[in-house]
Amino acid sequence: MTQNNAAEHNHDIHRDDVGSKMGMWLFLITELLLFGGLFLVYAVYRFTFPEQFSLAAMELNTTVGTLNTIILLTSSLTVALSIAALQKKNKFLSVIFLVLTEIFALEFMVNKYFEWSAKISHGIYPGSEELLNRSDGEILFFGLYYTMTGIHGLHVIIGMVLLFIMMILIIKNKITSDNLISLENSGLYWHLVDLIWIFLFPLFYLIN
Amino acid sequence: MANENETVLAEKSFLEEGTTKKATGIASWIFSTDHKRIGILYLASISIFFLVGATLGVLMRLELIAPGRTIMDAQTYNQAFTLHGVIMIFLFIIPGIPAVFGNFFLPIQIGAKDVAFPRLNLLSWWIYLIGAIIALVAIVSPGGAADTGWTFYIPYSVRTGTNVSTAIMAAFILGFSSMLTGINFVTTVHRMRAPGMKWFRLPLFIWSTYATAWIQIIATPIIAITIVLVILERLFGVGVFDPSIGGDPILYQHLFWIYSHPAVYIMILPAMGIVSEIIPTFSRRTIFGYKAIAMSSLAIAFVGYLVWAHHMFTSGMSETALVVFSLLTFLVALPSGVKVFNWIATMYKGSIDPKPPFLWVMNFIVLFSIGGLTGLVLGSLATDIHLHDTYFVVAHFHYVMFGGTGTIFFAALYYWFPKMFGKMYNMKIASFSAAMFFISFNLLYFPKFILGYQGMPRRYYDYLPQFTDLQVISTVGSWFMFVTILLIFGNLIYSLFKGKKASSNPWGGVTLDWHIASPPPLENFDEIPTVTHDPYDFSQLKEMEYDSK
Amino acid sequence: MENSETKHINGYGVYIVVWVGLLVLTSLTVSVAGINLEQYTLFIALTIAAVKSYLVITIFMHIKFDDPIFKLFIIVSILTLFVIFVLTFIDYSFR
């Protein structure tokens, strides 16, 4: 072997898309377990306070919840379509679908904002007098509501940033039809965000 | 294996060649994506924190040499044992062997040039460092170091004014380092094995590191979310564990131990993997029951998720839970037993070479067995009720964690130091340290079994006069232990600079790590090897250069 | 390890069909919530959610067409989570 220096060695770094995807899935598994822990807490307290959870859930707006569910499911569609478009070498369509995804995501967050501010203006938030006057089960319900939708919302924002970066990279031709593993992985992250909501929705909005 | 034409050019090692623009200097280390340099970065940082944790231990023992106040007040003592636990567990034992030896040797033993995600690997170390710094910040910032014990039980962890949020935030960040390492290792083992390196040709260190990586991936998020919930409770009064609003403090304990029990398997599995490397090499025989040992690693990883509530027998759980978890706890002893029997069978009629790594493994087998057997005592409901939260528990976990993982951390250092640094250490001092360690360890910890059995509670600042004699013995043991530790590190650090040059195979090992130069070149192999032998096939020695003595 | 696997590319149609299915399941779960089914409400809601998840994971996330090892990873993880739930409830169900 000749006297290669470090810079030349870097050219040997091989590309392994399957490995890259594997790493992403393993990361998603950590997210699954993270939210799994929250769902466990929810399950224990719903089991302990079934009627009070039911009572508290009635204060959530099922229409907004359903709307948000549809928005997120559709955003999953547009992300998948974006990847398919790029695979078919349609760069323009791919970016359009990502833009649509971002719009849906933004709508979701706006809805969430209105939901939360409505609750907060009614005095229902962790530690508030209004909330602490209610039954234990209701207090726990709302504590979990804010915590779980809050952490979920954080992941939506992270997903939005991620997809925005992907958009830029596609436009700049750093992601192409031959090299789109980053877009696929970002899509996977977005689908996870959708998956979590698929469970959050019935557990918080559809208790009865 | 070198080409005739190239004998003139001395191959540069990874210490002289790096992945950054300049191959030497601090920047070439802290920005390196070379798994070997990253392993050494971890070694340096982990060793420093180990010494800090050990010093805290010595100070605690000094306080406990007599009843009443000796060198600190009760509040400080609570902070001392909390810090000792947090540092030893999150900064030393959990990252310990995977971060140092997993990073350095996983790619080499599977025949790869590096891990699957080298930059993520560097990030993992940086995250570790940031978490460690935040843990230190938690000590010095106003409010003072946390005083809750490393387990941060509700409700005290929510009510105390000390820096709990900062301390557990540090643990949260350290958890990310662990998860990313796990992700890297699983992907590496699946995707980067050399041609011919089938799953059942992998060295057992790889099997155990792989199983460990899965625990890091699946279990760590649970402690992450638990930490978030405690911080939310402290900051916003979310109240998920608050009994005054219907929350259940026992749920906190469940969530905490759902991670922290599998965490002890993160600690011990890699150590057991290294035992499976050292015993064949120093018995000059292939391992007995390779497949059984490989499968037992996976079994331990899985069963480890089923037993967590044996830490909670006195907490107030349902009786059914008590019985179920006690039963499941006995199950996990089985795959561990498989390993111990197979190790002993390997040594039987082997050609034993009592070099320091082997002596340290002998330490391990005795100390870990004592720890493991006393675990059964604690796993039995009836005896646990009496022994829970006493010194018996403290003795048990020090035997398994320090006598188990800690001992193998040293064994691995003695085994792989020549490979990593290309230098030999003083073997007489190393052997002497092994003996001194065994004596110090038992002086320090064995009395605690008796104290616990006699009723001495753990985490107590003060104690009844009848416990004094055994406490004194334990404290004296801590002094011997501290000197031993200094001897170990002193020998190795001295040898780093002044040690004799090491050959590529000082011990006569046959796994891929012993086929390459000491220290290894930047990309580990001149050419990726094609593997045709079983991992512990010592007939390979006929074609290898090694120090035969 | 060379990337010689032929990439399976879904047409747009597959995704749209799945999306419609997801919307149908969503409206199903909302309408079922209106009916009082006592102890079965939760079970049905979770089952529908599980079916939706299955569709998202296998088609949108491409698991159906990827290397089988991914299926194994997911199954092992979900199984572990399930075991954790069951064991925790052995405490709470019998208090």
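Residues numbered from 1 in each chain as written. Chains lettered and ligands numbered in written order. Predicted model: local features only at pLDDT ≥ 70, side-chain atom pairs only at ≥ 80, totals over all residues.

**Some thoughts on the interface of chain A and chain C**
We count it as follows: Contact between two residues is assigned whenever their backbone-derived C-beta positions fall within 7 Å. Elements are defined by DSSP. Helices are runs of H or I of four residues or more, strands are runs of E of two residues or more, and each kind is numbered from the N terminus. Put simply, Ala, Val, Leu, Ile, Met, Phe, Trp, Tyr, Cys and Pro go in the nonpolar bin, Asp, Glu, Lys and Arg in the charged bin, and everything else, Gly too, in the polar bin.
On the side of chain C, 31 residues touch chain A, which itself brings 32 residues to the contact. Those elements that provide at least two residues to the side of chain A that touches chain C are α2 (17-48), α4 (62-87) and α8 (181-205) of chain A. Each residue belonging to the side of chain A that touches chain C can be placed in one class, and the counts come to 21 nonpolar, eight polar and three charged.

**A closer look at the confidence of the model for chain C**
Residue and element names in this part refer to chain C. What counts here: pLDDT expresses how confident the predictor is about each individual residue, on a scale running from 0 to 100.
Mean pLDDT over chain C works out to 89, with 92% of the residues at or above the 70 mark. Low pLDDT, under 50, characterises residues 1-5; the stretch is placed with four contacts to residues that sit more than four places away or in other chains. Scoring of the predicted complex yields 0.94 for pTM and 0.94 for ipTM.

**Details of the domain arrangement of chain C**
What counts, and what does not: Domain start and stop points were drawn from an automatic or database domain assignment.
Domain assignment breaks chain C into domain 1 (11-61) and domain 2 (67-95). A separation of 21 Å is found between the C-alpha centroids of domain 1 of chain C and domain 2 of chain C.

**So, the packing of α2(A) against α8(A)**
Residue and element names in this part refer to chain A. Basically, it comes down to this: Structural elements are reduced to axes, namely lines fitted to C-alpha atoms, with helices fitted over the stretch in contact, and the angle between N-to-C directions of any two is expressed from 0 to 180 degrees. Our angle categories are set so that under 35 degrees counts as roughly parallel, over 145 as roughly antiparallel, 65 to 115 as roughly perpendicular, and the remainder as oblique. Left-handed describes a crossing whose near helix is turned anticlockwise from the far helix through less than a right angle; right-handed describes the clockwise counterpart.
For the pair α2 and α8, interaxial distance at closest approach is 10 Å and the crossing angle is 15°. The angle between the axes of α2 and α8 places the two elements in the roughly parallel class. As for how α2 packs across α8, the hand of that crossing is right-handed. Contacts between α2 and α8 involve Asp17, Ser20, Lys21, Met24, Leu28, Glu31, Phe35, Phe39 and Tyr42 from the first element and Ile181, Glu184, Asn185, Leu188, Leu192, Ile196, Phe199 and Leu203 from the second. Here the contact of α2 with α8 is built from residues that sort into 11 nonpolar, two polar and four charged.

**Examining helix α3 (residues 50-57) of chain A**
One turn of the α-helix equals 3.6 residues, which is why residues spaced by three or four share an orientation. Residues and elements named next belong to chain A. As a reminder of what qualifies: Between the buried cut of 20 or more and the exposed cut of 12 or fewer other C-beta atoms within 10 Å of a residue's own C-beta lies the partly exposed class, and all C-beta atoms are placed from the backbone. Each direction from the helix axis to a C-beta atom contributes to the arc, which is the arc of those directions.
Listed as buried for α3 are Gln52, Phe53, Ala56 and Ala57. In a view along the axis of α3, the buried residues occupy a sector of 135°, so they form one face of it. The secondary structure elements touched by the buried residues of α3 are α2, α7 (136-171) and α8.

**Quick word on helix α4 (residues 96-110) of chain B**
All names here are of chain B. Keep this limit in mind: Any helix carries an expected span of 1.5 Å times its number of residues minus one. The reported bend at a residue is simply the angle between two axes, fitted to the 7 residues ending at it and to the 7 residues beginning with it.
Compared with an ideal rise of 1.5 Å per residue, which puts 15 residues at 21 Å, α4 spans 20 Å between its outermost C-alpha atoms and is within 8% of the ideal. Maximal helix bending in α4 amounts to about 55°, located at Gly102. Most of α4 sits inside the fold, with 15 of its 15 residues counted as buried. Once α4 finishes, Gly111 follows within two positions and takes phi at roughly 85°, a positive value.

**A short note on the confidence of the model for chain B**
Averaged over all residues, the pLDDT of chain B is 94; the fraction at 70 or higher stands at 98%. Below pLDDT 50 for its whole length, residues 1-8 of chain B participates in two contacts with residues either more than four positions away or in separate chains.

**A word on the environment of B:Phe364**
All names here are of chain B. By the secondary structure assignment, Phe364 is in helix α12 (residues 356-379). Classification of Phe364 by C-beta neighbours within 10 Å gives buried; the count is 24. For the pair Phe364 and Gly406, spaced 42 residues apart in sequence, the C-alpha to C-alpha distance is 8.8 Å. Other than its neighbours up to four places away in sequence, Phe364 contacts Val275, Gly404, Thr407, Ile408 and Ala411.

**Focus: the environment of B:Met427**
Residues and elements named next belong to chain B. Its place among the elements puts Met427 in helix α15 (residues 427-454). With 72 residues separating them in the primary sequence, Met427 and Lys355 have C-alpha atoms 7.5 Å apart. Discounting residues that sit within four places of it in the chain, Met427 has contacts with Lys355 and Pro356.

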